[in-house]
Amino acid sequence: MNYLEFEKPLAEIEGKAEELRALARKNEEMDVEKEAAALDRKAEQLLKDIYKDLNAWRKCQVARHPDRPHCKDYIERLFTEYTPLAGDRGFADDHAVMGGLARFNDQPVVVIGHEKGHDTKSRIERNFGMARPEGYRKAIRLMDLAHRFGLPVITLVDTPGAYPGKGAEERGQSEAIARATQKCLQIGVPLITVVIGEGGSGGAVAFATANKIAMLEHSIYSVISPEGCASILWKDAEKMKEAAEALRLTAQDLLKLGIIDRIVKEPVGGAQRGRDEAIDAVGKAIEAMLKELSAKKPDALVRERRHKFLDMGSKGLAA
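Computed from a predicted model, the values in this text were never measured in an experiment. (Residues numbered from 1 in each chain as written. Predicted model: local features only at pLDDT ≥ 70, side-chain atom pairs only at ≥ 80, totals over all residues. Heavy atoms only, no water.)

Asker: Teacher, can you tell me more about the packing of helix H4 (residues 71–78) against helix H13 (residues 275–293) here?
Answerer: Think of two packed helices as two axes; the pair is described by the angle between the axes and how far apart they sit. Two numbers describe how H4 lies on H13: the axes approach to 10 Å, and their chain directions differ by 70°. By the criterion of interaxial angle, the relationship of H4 to H13 is roughly perpendicular. Here H4 and H13 pass one another in a crossing that is right-handed. Counted together, Asp 73, Tyr 74, Arg 77 and Leu 78 of H4 and Arg 275, Asp 276, Ile 279, Asp 280, Val 282, Gly 283 and Ile 286 of H13 form the full contact between these two elements. Counted by class, the contact of H4 with H13 contains 5 nonpolar, 1 polar and 5 charged residues. (Axes fitted to C-alpha atoms, helices over the stretch in contact; angles between N-to-C directions. Helix = DSSP H or I, 4+ residues; strand = E, 2+ residues; numbered from the N terminus. Parallel < 35°, antiparallel > 145°, perpendicular 65-115°, else oblique. Left-handed = near helix turned anticlockwise from the far one by under 90°. Contact = heavy atoms within 4.5 Å. Nonpolar A, V, L, I, M, F, W, Y, C, P; charged D, E, K, R; others polar.)

Here is the structure:
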């Protein structure tokens, strides 16, 4: 388990319990289970207390936790017959974006998502979930395919933002993001988004201009990272805690503001402590949102999606 900074007291207690059990494994005559169980109960209560009321900055840290399940994990558990479709038919395949045909509860769908990777090698290969223009153009191609064959689109958002490198800018990063956002508004099929970790800037909006948007309880969704906001407003990236509060980037704030439609509850301690439980909860949320949209006609889906985003900013501003 990778512990976050604010989880250090928990790490000490769980570490002591594991040390006792390790000693018992070396010496069979030692009986430490009673003491270890007491430490387990203490750790369990502390975990609940820590996660009972996380502030915005701590939620940012949890959303970025390296052990959280990523797009690939969700696809492997929730979808069957997943067939990846690669490339944008123009430049290359972007490994930061996964996408293809699959079945969700035996219903054919198109699934698209950001993949960050789970270790050093895969994170470098996936560019830490930061898509280049060809990633967004691949998504556009998949959404066109879904529209043509009447397949619902499910997107899983988990990115710090679109890749800001020189090559990406030369190949038209902003244009690709704008085109992907435009395509989201045009397709006449149900479009559902779940923010499973970070929803950063236009890199997230390009996949999240959807009929229904859900967020995991400890995920974040914002126009800019707290560090980036602090660097611009205060010329000091260390003021990220104040920026996180001001950005209103938590799922709870965004539900009040009418930006998202539902919050998916995470296990105590975050999705990283109960990966299968968290993924299954997302599956149930997707199923419910698909059911809500299944009877709507293409014109109604496009119209409601458009009005949903035009109406943003009119709710919860006095909160």
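Read on, since the account is not over.
Asker: I would appreciate a short explanation of the nonpolar core in the present structure.
Answerer: Most often, soluble globular proteins have nonpolar side chains that are buried together. The biggest cluster of nonpolar side chains holds 36 residues, and the ones touching the most others in it are Ile 112, Tyr 136, Val 153, Phe 207, Tyr 221 and Ile 260. Every element with two or more residues in this core is listed here: strand E3 (107–114), helix H6 (133–149), strand E4 (153–159), helix H8 (173–186), strand E5 (191–200), helix H9 (201–208), strand E6 (212–216) and helix H12 (251–256). Membership of the second largest hydrophobic core comes to 26 residues, among which are Cys 71, Phe 104, Ile 192 and Ile 286. (Core = buried A, V, L, I, M, F, W, Y, C linked by side-chain atoms within 4.5 Å. Buried < 20%, exposed > 50% of the residue type's maximum accessible area, 1.4 Å probe, protein only.)

Asker: Help me understand the side chain of Glu 198 in this model?
Answerer: Tracing the chain through its elements places Glu 198 in strand E5. Setting aside residues no more than four positions away along its own chain, Glu 198 makes contact with Ala 63, Arg 64, Lys 116, Val 157, Asp 158, Thr 159, Pro 160 and Ile 220.

Asker: What's the story with unusual backbone geometry in this structure? I'm lost.
Answerer: Negative phi is the rule for most residues except glycine; trans is the rule for most peptide bonds. In this structure, Asn 127 is a non-glycine residue whose phi angle is positive, near 55°. Within the fold, Asn 127 resides in the loop between helix H5 (120–125) and H6. If you check the backbone angles, Lys 235 has positive phi at about 55° while not being a glycine. Looking at where Lys 235 falls in the secondary structure, it is placed in the loop between helix H10 (226–233) and helix H11 (240–247). Residue Lys 235 is classed as exposed on the basis of its relative accessible area, which comes to 71%.

Asker: Mind showing me how you'd approach the packing of H6 against H8 here?
Answerer: Where H6 contacts H8, the axes come no closer than 8 Å and their chain directions differ by 20°. In terms of their interaxial angle, H6 and H8 are classed as roughly parallel. Crossing of H6 against H8: the hand is left-handed. Contacts from Pro 133, Tyr 136, Arg 137, Ile 140, Met 143, Asp 144 and His 147 in H6 reach Gln 173, Glu 175, Ala 176, Ile 177, Arg 179, Ala 180, Lys 183, Cys 184 and Gln 186 in H8. When its residues are assigned to classes, the contact of H6 with H8 shows 8 nonpolar, 3 polar and 5 charged.

Asker: Help me out: how do you make sense of the layout of surface pockets in this one?
Answerer: Empty space among the atoms can be located by rolling a probe the size of a water molecule over them. Its boundaries defined by the atoms lining it, the largest pocket holds a volume of some 280 Å³. Lining the largest pocket we find 13 residues, and of these Val 205, Tyr 221, Ser 222, Val 223 and Ile 259 sit closest to its centre. Counting residues per element, the ones that place at least two in the lining of the largest pocket are H9 and strand E7 (220–222). Sort the elements by how many residues they give to the lining of the largest pocket and H9 lands first, with 3 residues. Of all the secondary structure elements, the ones that give two or more residues to the lining of the second largest pocket are H4, strand E1 (79–84) and strand E2 (97–104). Among the residues forming the lining of the second largest pocket, the class breakdown is 8 nonpolar, 2 polar and 5 charged. (1 Å grid on protein atoms, 1.4 Å probe; cavity = no way out; pocket = protein on both sides within 12 Å on 5 of 7 lines; lining within 4 Å. Points joined across faces, edges and corners; volume = space filled by probe spheres on them.)

Asker: Could you clarify how one ought to interpret the pattern of salt bridges in this entry?
Answerer: Side chains carrying opposite charge are able to pair once their charged atoms draw close together. Counting across every chain of the model gives 24 salt bridges. Asp 280 is the salt-bridge partner of Arg 77, the closest N and O atoms lying 2.9 Å from each other. Of this pair, Arg 77 sits in helix H4 while Asp 280 sits in helix H13, and the two are 203 residues apart along the sequence. Judged by its relative accessible area of 41%, Arg 77 is partly exposed. Taking the shortest distance from any N to any O, the salt bridge between Lys 116 and Glu 198 comes out at 2.7 Å. Of this pair, Lys 116 sits in the loop between E3 and H5 while Glu 198 sits in strand E5, and the two are 82 residues apart along the sequence. Glu 198 carries the same exposure label as Lys 116, and that label is buried. The network of salt bridges with common partners includes Arg 64, Lys 116, Asp 158, Glu 198 and Glu 227. (Salt bridge = Lys/Arg side-chain N within 4 Å of Asp/Glu carboxyl O.)

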